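# Fold and geometry: a report
Listed here are the chains, written in short residue letters.
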Amino acid sequence: MECDKCKAIINEEESKELHGRILCEDCYMDSLSPARMCDPWAVYSAKSLMDKNESGLEVNEIQAKILRILEETGGKEPGTIADDLERELAALRHMEKVRGALKDGKKIICLW
Ligand SMILES: [Zn+2]
């Protein structure tokens, strides 16, 4: 007999049956644990967090960042989220990605 999936020739003792298919031992193990190769659920949930929220609307980068902070901390007071963003801004300043400047007499943050 042969494996339904990879077509390897197998003898009866080696064959496994899964959902009505005859599989060799390797394919059987693969079919039993498809998450072994990668973790599609983890990828999916991370991706869905980045791309869409539950209503299917796009989440922009800043919103995704906020979601990530909440995910990492398990929840925060609203005011402290602003502190987090402030801290990121300071870090970006330090990396010389953004800088403070004056525009029409007002202080602004702009790209370096
Ligand atoms: Zn096989």
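A quick note: this is a predicted structure, and the numbers were derived from the prediction, not measured.

### Topic: the coordination of the zinc ion
Around the zinc ion, the protein contributes the donor atoms Cys3 (SG), Cys6 (SG), Cys24 (SG) and Cys27 (SG), which lie 2.2 to 2.3 Å from the metal centre. Taken together, the four donor atoms coordinating the zinc ion span angles of 105 to 114 degrees at the metal, a pattern that classifies the geometry as tetrahedral. Linear spacing of the donor residues for the zinc ion on their chain is C-x2-C-x17-C-x2-C.

### Concerning the pairing of strand β4 (residues 106-111)
The buried fraction of β4 is low, at zero of six residues. Counting the residues in the hairpin turn of strand β3 (residues 98-103) and β4 gives two residues, including Asp104, whose phi is positive at 50 degrees.

### Observations concerning helix α3 (residues 61-73)
The α-helix winds at 3.6 residues per turn, so residues separated by three or four positions along the chain end up facing the same way. The end-to-end C-alpha distance of α3 is 18 Å, a good match for the 18 Å that 13 residues give at a rise of 1.5 Å each. The N-cap of α3, judged by a side-chain oxygen 2.8 Å from the amide nitrogen of Gln63 a few residues on, is Asn60. Of the residues one or two after α3, Gly74 is the one with positive phi, at around 80 degrees.

### A few points about the environment of Ile108
Summarising the element assignment, Ile108 is placed in strand β4. Residue contacts for Ile108: discarding those within four places in its chain leaves Arg99, Gly100, Ala101 and Lys103.

### Quick word on the pattern of salt bridges
Applying the stated criterion across every chain yields a total of three salt bridges. Its salt-bridge partner being Glu88, residue Lys65 comes within 3.6 Å of it at the nearest N-O pair. Highlighted residues: Lys65 in helix α3 and Glu88 in helix α4 (residues 78-94), separated in sequence by 23 residues. A relative accessible area of 26% places Lys65 in the partly exposed class. Among the residues examined, Glu88 registers a relative accessible area of 35% and is labelled partly exposed. What you see here is one network of salt bridges that share partners, running through Lys76, Asp84 and Arg87.

Rules and cut-offs
- Residues numbered from 1 in each chain as written.
- Predicted model: local features only at pLDDT ≥ 70, side-chain atom pairs only at ≥ 80, totals over all residues.
- Heavy atoms only, no water.
- Donors = N, O, S within 2.8 Å, 3.2 Å for Na, K, Ca; no water.
- Tetrahedral: all angles 85-135°; square planar, octahedral: opposite > 155°, others 65-115°.
- Buried < 20%, exposed > 50% of the residue type's maximum accessible area, 1.4 Å probe, protein only.
- Helix = DSSP H or I, 4+ residues; strand = E, 2+ residues; numbered from the N terminus.
- Pairing = 2+ DSSP bridges.
- Expected span 1.5 Å × (residues − 1).
- Polar contact = N/O pair within 3.5 Å; in protein donor to acceptor, adjacent residues only side chain to side chain.
- Contact = heavy atoms within 4.5 Å.
- Salt bridge = Lys/Arg side-chain N within 4 Å of Asp/Glu carboxyl O.

Interpretation in functional terms is not warranted from these geometric data alone.
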